[in-house]
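The primary structure of each chain is shown beneath.
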Amino acid sequence: MDQPEMGEFILSELVLGFSVEGSEIKIRVVVEAAADKTKLIRKCFTLELLSIDSLPRLILWSQKLQEYLDSLGRPKRLFVFVNPYGGKKSASTIFVSDVKPLLDDANVEYTVQETKYQLHAKEVARSLDLAKYDGIVCVSGDGILVEVGTGNGMVKSLLDSCGEPCAASNATMSIIRGHKRSLDVATISQGDTKFFSMLVLAWGLVADIDIESEKYKWMGSARLDFYGLQRIFGLRKYNGSIIFVPASGFESYGEPIDVEKEVIFEGESKPKSDDEPVTTQDYGYQGPKVDMKSLNWHKINGPFVSIWLHNVPWGGEDTMAAPDAQFSDGCLDLIMIKDCPKLSLLMLMNGLNDGSHVKSPHVSYLKVKAFILQPGPRVDDQAKAEIIDVDGEVLARGKGSYKSEEKTLMSYDKLLIKVDQGLATLFASSLDLADLIPIPRD
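Just so it is clear, the structure is predicted and the values come from calculations on it, not from any experiment.

## Some details on the sheet that holds strand E4 (residues 77-82)
Line of reasoning, step 1. Here we have three strands laid out as an open sheet, ordered E5-E4-E6, and parallel in their pairing. On the outer flanks of this sheet lie strand E5 (109-114) and strand E6 (135-139), each paired with one strand and no other. Put simply, the sheet's adjacent strands are angled 25° from each other on average, direction ignored.
Line of reasoning, step 2. Strands in contact with helix H4 (residues 120-127) are E4 and E5; relative to E4, the strand with the most contacts, it is inclined by about 160°.

If you want it as structure tokens, here you go:
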């Protein structure tokens with residue numbers, strides 16, 4: 001990298017902002033910590049005039065620097081949701097200690113809204129004048145992010161794709177730098193009810209572990225491993241079927257079906273024409289328009305141990321569920337387990353931290369362009385059904401499932417999932433840490 005490129009790199013990736021104070025210009029930057037390169041630290045360098053005659057040059061230099069920073073497309077105004085109950089109830093502390101100082105150094109204006117109750121963020125987001133802001137930032141656990149966007153699995157996926165650690169400071173720097181990335185959005189439909197997902201849908205083993213382990217919240221993150229063992233040794237299987245449109249190269253999975261003879265999804269066979277009258281329910285985004293009968297549908301019948309659909313590689317900070325998932329390829333990655341010995345399943349689940357589980361002969365791993373889940377009851381007890389988990393939240397509960405008395409957005413029945421390629425835009429880092437230039441430190 002030559003000197004001009006090095007200078008441009010430093011300005012675009014390491015300089016947060018600057019201010020002119022009398023005869024001094026203070027430049028605020030972020031660098032890797034000397035002792036731990038996974039951590040970022042803030043520094044301030046001061047340039048002072050040698051004489052009053054240099055003042056015009058200082059003013060011109062500061063103007064040029066500001067013009068360059070403005071040309072990078074960095075956000076200037078952000079709306080920040082902070083969930084005081086999210087992130088192990090540490091979200092407020094994380095915002096004050098890790099996020100706010102970086103935003104202040106970068107001269108970013110922001111409006112902070114603490115959420116007071118479940119779905120509060122969704123209510124606020126609906127009424128926001130988005131034209132006033134360059135983006136929405138969420139500081140929380142998965143819950144609030146599902147209301148307006150997505151969760152920690154998304155942050156991990158974005159940062160990991162550039163070789164950066166999953167930390168609040170790194171995520172904040174990705175926002176400040178203003179780099180953007182398109183993201184597919186999945187529309188989950190059941191009749192007129194719709195839910196928009198950016199991360200994951202789970203049914204079967206993974207959903208059971210994710211949701212039912214809440215009874216052991218006092219154990220912290222260990223609850224997932226603890227309850228995972230319980231569910232593996234007390235393994236459940238579920239009747240049902242899946243119908244899907246395989247992506248190119250995955251046509252060998254499932255049996256082709258005749259859509260003229262089999263009703264795939266009522267009311268979804270044809271996209272609505274632009275000339276048709278608009279009803280009250282049609283206002284707002286309704287998902288992608290797809291002619292369902294024109295697609296190449298395949299079917300697989302159960303029973304199943306687990307059905308897992310992923311939009312990005314990571315489902316959480318320690319779970320690489322779909323190692324081949326792409327952010328904007330118009331597909332969802334399907335991880336399917338139909339049958340698996342318990343010992344093999346235990347070993348398979350241990351491979352979730354690096355994605356090696358998809359190499360197991362007991363796992364089918366493929367990409368799909370559209371998907372229909374037809375969930376059924378448990379094989380061992382036809383009177384009991386289970387949970388459908390989307391982005392870490394319960395979308396539907398079947399009869400006899402965990403907390404089945406609680407209301408959900410959808411019923412435990414057929415769901416249609418369509419993908420809108422690149423619909424969303426996220427702040428995302430664009431550089432690998434291996435490309436960072438060593439900076440002299442004090």
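Now that the structure has been shown, the text picks up again.
## Observations regarding the environment of Glu 386
Line of reasoning, step 1. If you trace the backbone, Glu 386 turns up in the loop between strand E17 (363-378) and strand E18 (387-390).
Line of reasoning, step 2. Along the backbone, Glu 386 and Leu 205 are 181 residues apart, and their C-alpha atoms lie at a distance of 9.7 Å.
Line of reasoning, step 3. Filtering out sequence-adjacent residues up to four positions away, Glu 386 remains in contact with Asp 208, Glu 212, Arg 236, Tyr 238, Arg 378, Ala 396, Arg 397, Gly 398, Ser 401 and Tyr 412.

## Some words on the side chain of His 298
Line of reasoning, step 1. One can find His 298 in strand E12 (residues 298-301).
Line of reasoning, step 2. Taking relative accessible area as the criterion, His 298 reaches 3% and is therefore assigned buried.
Line of reasoning, step 3. Of the polar contacts made by the side chain of His 298, one reaches the backbone oxygen of Glu 251; its length is 3.4 Å.
Line of reasoning, step 4. A distance of 2.8 Å separates the side chain of His 298 from the backbone oxygen of Tyr 253, its partner in a polar contact.
Line of reasoning, step 5. Ignoring anything within four residues of it in the chain, the contact list for His 298 reads Ile 242, Ile 243, Phe 244, Pro 246, Glu 251, Tyr 253, Gly 254, Glu 255 and Pro 256.

## Comments concerning the sheet that holds strand E2 (residues 24-32)
Line of reasoning, step 1. Taken in spatial order, the three strands make up an open sheet running E1-E2-E3, and their pairing is antiparallel. This sheet does not close on itself; its edge strands, each paired only once, are strand E1 (15-21) and strand E3 (40-48). Taking the axes of each pair of neighbouring strands and ignoring which way they run, one obtains an average angle of 20° across the sheet.
Line of reasoning, step 2. Bridge analysis of E1 against E2 gives six bridges, and the strand direction is antiparallel. By the bridge assignment for E2, Val 15 is matched with Val 29.

## Here we look at the pattern of salt bridges
Between side chains of opposite charge, pairing is possible as soon as their charged atoms come close.
Line of reasoning, step 1. Counted according to the given criterion, the structure contains 15 salt bridges.
Line of reasoning, step 2. Across the salt bridge formed by Glu 164 and Arg 177, the nearest N and O atoms sit 3.8 Å from each other. One end of the pair, Glu 164, is in the loop between helix H6 (152-160) and helix H7 (168-177); the other, Arg 177, is in helix H7, and 13 residues separate them in sequence.
Line of reasoning, step 3. In this structure, the salt-bridge partner of Asp 333 is Lys 367, at a minimum N-O distance of 2.7 Å. Taken together, the residues span a long stretch of sequence, with Asp 333 in strand E16 (residues 332-337) and Lys 367 in strand E17 at a distance of 34 residues.
Line of reasoning, step 4. By relative accessible area, which is 1% here, Asp 333 ends up buried.
Line of reasoning, step 5. Taking relative accessible area as the criterion, Lys 367 reaches 14% and is therefore assigned buried.
Line of reasoning, step 6. Here the salt bridges do not stand alone but share partners, grouping Asp 208, Glu 212, Arg 236 and Glu 386 into one network.

Calculation rules
Along each chain, residue indices are assigned from 1 in the same order as the chain's sequence is written. Local features in a predicted model are, by the rule used here, given only for residues with pLDDT of at least 70; side-chain atom pairs are given and counted only at 80 or more, and totals for whole chains, interfaces and linings are based on all residues. Side-chain metrics rest on all non-hydrogen atoms present in the structure, leaving aside hydrogens and water. Two strands pair under a simple rule: DSSP has to find at least two bridges between them. Secondary structure elements are taken from DSSP: a helix is a run of H or I of four residues or more, a strand is a run of E of two residues or more, and numbering for both begins at the N terminus. Helix axes are fitted to C-alpha atoms over the stretch in contact, other axes to C-alpha atoms as well, and angles between N-to-C directions run from 0 to 180 degrees. Here, two residues are considered to be in contact whenever any of their heavy atoms come within 4.5 Å of each other. The buried label applies to any residue whose accessible area, calculated with a 1.4 Å probe on protein chains only, is under 20% of its type's maximum; exposed applies above 50%, and partly exposed to all values in between. Polar contact is the term for a pair of N or O atoms within 3.5 Å; when the atoms are in protein, one must be able to donate a hydrogen and the other to accept it, and sequence-neighboring residues count only if both atoms are side-chain atoms. Definition used for salt bridges: Asp or Glu carboxyl oxygen within 4 Å of a side-chain nitrogen of Lys or Arg.

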